Structure formats: C-alpha cells, structure tokens
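Overview (structure and organization)
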Amino acid sequence: MDRRRFIKAGSMLAAGAVLTKSTLARAQDEAGGPEPLGDRDAAEGVPSRAPRITNEQPHVLTPNGATLPLRTVGNVRVGHLIASSFEHEFAPGLKAQCWGYNHRTPGPTLEAVEGERLRIYVTNRLSEPTTVHWHGVILPNGMDGVAGLTQRAIPPGETFMYEFTARYPGTFMYHPHFDEMTQIALGMTGMIVVHPRRARGPRVQRDFVLMTHEWRLDVGARRPDPLEMTDFNVLTFNSRTFPGTEPLLMGRGERVRIRFGNLSPMSHHPIHLHGMSFATTATDGGYIPRSAQVPNTTVLVPVGSTRVIEFVPEQSGDWAMHCHMTHHVMTQMGHGIPNMIGTQTSDLDTRMRRIEPRYMTMAQDGMGSMGEMKMPIPKNSLPMRGGPGPFGNIDMGGMFTILKVRDSPMKGTGLWYSHPQGTVAGPADASQMRADGIETT
Ligand SMILES: [Cu+2]
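Below is a summary of the structure that appears in this document. (Residues numbered from 1 in each chain as written. Predicted model: local features only at pLDDT ≥ 70, side-chain atom pairs only at ≥ 80, totals over all residues. Heavy atoms only, no water.)

L81, L110, I120, W134, Y174 and I192 are the most contacted members of the largest nonpolar core, which totals 27 residues. Secondary-structure elements contributing two or more residues to this core are strand 6 (76-91), strand 7 (94-101), strand 8 (110-113), strand 9 (117-124), strand 11 (159-165), strand 12 (170-175) and strand 13 (190-195). Setting aside anything within four residues of it in sequence, one finds I120 in contact with L68, L70, G79, L81, L110, W134, F160, M161 and Y162. (Core = buried A, V, L, I, M, F, W, Y, C linked by side-chain atoms within 4.5 Å. Buried < 20%, exposed > 50% of the residue type's maximum accessible area, 1.4 Å probe, protein only. Helix = DSSP H or I, 4+ residues; strand = E, 2+ residues; numbered from the N terminus. Contact = heavy atoms within 4.5 Å.)

Have a look at this one:
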C-alpha cells in the first residue's frame, strides 16, 4: 500500500471513529453551510472598487473577488473574517462546496496602509478548529496564528481577535495554520496589501491582486479532494478557471502592477505575460532595489510566496496571461484519458459501434480540437479546455486570463480587440510565397 492509499484508508477509519462528532457538522455542510449571518452582506466584502487615488496610490483590484471592508474605530481599522463552507463557482458549469472567508475563496483582500493598527475578528463557522496566519507580516509572536505554537486553535462557533500594526508595506497573504492540508486545499486563502505611506517608485494607475491555486475536483464530485498530492485538475486565478476568469483591463501607456500570491498545495506557477516585458519589483519579503530588478516575461511564483510585477503595456490588444506549465492550462476532462496520439484506428470505430453505438476514438491526431467538440459532458464539469474567442475556440483553460489593453481602457470592456487591418496572421498568398522563394510542393 503506498503512502497516499494508506493515508486515505487511515482517514476513512478515523472518520468512522469520530462519526458521532462529525455527523452534525456534515449535515450542516450538506445543507450548504451554516445559516447566513445578519451582517453577512457587510462582512462578505464589497465588489472590487474602481481605482481611487489615495496618496497617489490606487486601491487594489481583486478580479472575481472583493476587498474586506474596514471601519475606523478610534485609531484602529477593524475588520471581520468569517470562515465557513459555501458553494463556489469555478466557471459557468462547475461548482463545488468550498471553504473560505466571508463566503468567498479567496477571502476578501485585506488592504491597509503602512503604520495602521489593524483589529481583525475571526469567526469560525467551520466544522473543525481553525486559525488565521498573516503570512509575511511582521507582528507580535502571539498574533502569528500557528495553532498549538502561538495560540489555541479557534473552536467551531467561536470568534478570536487578532490585533497588530501593519509596520511594513508589502504584498502578503493570509491562511489557516490548523489542518492546513485540508483547509487550504478547500480554498481558505486571501491576499494582504499594505500600501506604503509615501508611494515608492513610479506611480501606477492599476494595481491587481491574483491568488494562484490548484484543486483536485473529480468529475461529478461536490467537494475538492484535499488528499491529492500531485494530480490537480482545476487550476485557478482567484479561485476561477478560464473561461470564468475576469479579464484585467488596462490602458496602453499606463503603469500597471500585478501582485501574485501562491497558496497552491504543491505547485509553483511560472506566470507568463504575452506582449509585455516587466520587472519584478517586490516579494513578500520586501521591495527589490531598482538596480536588482531583472526584466522578464515570465515570473515564477513559488508556493508560499508573493511576487509583484510592474509594466507599461506598449501595444493594445487582448493579450494572454497564463501559467506556463502546460497541464495548468488544462481542466478536468484533459486528465486520465488514454494516449491515442498517432494510433491507426482504421475501422475500429465501425467495429466498436456494433457493440456501443456512441463509441468514438478520440485524440488520435492530437487533443487541440477536443475543447470545441460538441460532446456531451458530465453534469457539473468543464470541457477539456478552452472557451470561445474571436477567431474560434481558445485552446487553453485553467490558469489563464486576458489582459485587455486599450487606448481608452474604460470602453468596450466586454468586447474583443478590433485589430487594425493587415495586422492579423492569415493564410499565405501563393504568389507572394513564390516571390519570397518558398517552395511548398
Ligand atoms: Cu501553474
């Protein structure tokens, strides 16, 4: 028995042993989680705000996400995170029961300014204890959120208070430090942005945050599998998978910042931007001096890290941005199928259809067209990959989104880029090929 099977078998035995304790929790869970709270709307987070400049710094935008509302009480900024189970949509057609904060995964982005005193209440509406660890934030040891080491875990139904000063600006994250394997795998992550009191470096016009994550969600399952160690099949930006990812809208010539976080269980993500060269300006450890900023078109975001990039888009268009691990731009249906590439199937289909009339051999020429095949797919699942684009099916899914660079960025948000004439690759002209000395016969 390998280690994974052993763990799975062990967890089933353990589940049997604590059946009485977990039955109630499971019953609540099956019913779609706990009752909504009276203050749910306020606590759930507000939609990402339009850029507003404070001290020359725009608010951060969390595509597909929200910012945690903070109210000022005396000289303290007060917020409330509620950990619970809820139904989450990864993309139209794919939903699962996930765990997160304020009915979101990732939880709402915590946005503060350097030097602010923060008081964050954490209510646990999960079926097991939890904590919140403020990953990368320098704070008193007892506020660090490590169950058993720096605090007692927050029991189900209780609320704990964390209070600390955001001493240093930067891009950080929050997540539980109790049963991390389960709680993070089910979606309990969030980003923290602490703006510097005085803006550093050139002023940016847009400031986005994207949390990368990976999930094992078997076709037909209602819940991600936290026991998976290697074979993840739903890859996400802010817990959404393409075509469910909200495009990032920006103006040509604007300075744009994207802050990536990675709380995937097991994978680092090399995020590649088309049409841009950028500088990595900061990590969760602090700012990178200008003299040490290396130009790149791909930034590796390791597990448990943040990376901040800045760039000025030079060319308008619909530019792809995606993880460059090819299996991270696939979705559920691309996994676990037999490799048929190059096989000579001759009359196999005809013969098989005598036994099974719906039989069809797939992917013997490659898998590129499988995303657009109008094959029936199981309920609550995504086709192999991709989504509709202006020139046909977009052949990537998963950790993929679009940077919409426009001359007037607030116009035409839902529209595809309109290309100037003569700037789109198309079929070659035979006479021009001959003139250029290209032989094709
Ligand atoms: Cu990746």
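With that settled, consider the side chain of E254. Here E254 is to be found in the loop between strand 16 (248-251) and strand 17 (256-262). A distance of 2.8 Å separates the side chain of E254 from the backbone nitrogen of G251, its partner in a polar contact. (Polar contact = N/O pair within 3.5 Å; in protein donor to acceptor, adjacent residues only side chain to side chain.)

The strand order across the open sheet built from 4 strands is 8-13-12-10, with neighbouring strands paired in mixed fashion. The open sheet has two free edges, formed respectively by strand 8 and strand 10 (133-135), since each of these has just one partner strand. Mean inter-strand twist for the sheet, computed between neighbouring axes without regard to direction, equals 25 degrees. Strand direction decides the pairing type here: strand 8 and strand 13, joined by 4 bridges, are parallel. (Pairing = 2+ DSSP bridges. Axes fitted to C-alpha atoms, helices over the stretch in contact; angles between N-to-C directions.)

A separate point is the packing of aromatic side chains. Two descriptors summarise a pair of aromatic rings, namely the distance from one centre to the other and the angle between the planes of the rings. Counted under the stated rule, the structure contains 6 aromatic pairs. Through a chain of ring-to-ring contacts, three or more aromatic side chains come together here, namely Y101, W134, Y162, F164 and Y174. (Phe/Tyr/Trp six-rings, centres within 6.5 Å; stacked < 30°, edge-to-face > 60°.)

On to the environment of P313. With respect to the helices and strands, P313 occurs in the loop between strand 23 (305-311) and strand 24 (317-323). With 60 residues separating them in the primary sequence, P313 and G253 have C-alpha atoms 5.6 Å apart.

The next subject is the sheet that holds strand 27 (residues 400-406). Spatial strand order, 16-27-24-18-22: 5 strands in an open sheet with mixed pairing. The strands lining the two open edges of the sheet, one partner per strand, are strand 16 and strand 22 (298-301). Averaged over neighbouring strand pairs, the angle between their axes works out to 20 degrees when direction is ignored.

Here the focus is the pattern of salt bridges. Across all of its chains, the model carries 16 salt bridges by this definition. The residue E89 makes a salt bridge to R240 at a minimum N-O spacing of 3.0 Å. Within this pair, whereas E89 is found in strand 6, its partner R240 is found in the loop between strand 15 (234-237) and strand 16, the two being separated by 151 residues in sequence. Overall, the relative accessible area of 14% leaves R240 in the buried class. Put simply, R206 and E254 hold a salt bridge, and the shortest N to O gap is 2.6 Å. A residue pair is termed long-range when its members are at least 10 positions apart, and R206 in strand 14 (residues 206-215) and E254 in the loop between strand 16 and strand 17 qualify at 48 residues. Assessed through its relative accessible area of 8%, R206 is described here as buried. One network of salt bridges, in which partners are shared, links D207, R255, R257, R259 and E310. (Salt bridge = Lys/Arg side-chain N within 4 Å of Asp/Glu carboxyl O.)

Mapped onto the secondary structure, E116 falls in the loop between strand 8 and strand 9. Residue E116 is classed as buried on the basis of its relative accessible area, which comes to 18%. C-alpha separation for the pair E116 and Y168, spaced 52 residues apart in sequence, amounts to 9.7 Å. Setting aside residues no more than four positions away along its own chain, E116 makes contact with R77, F164, T165 and A166.

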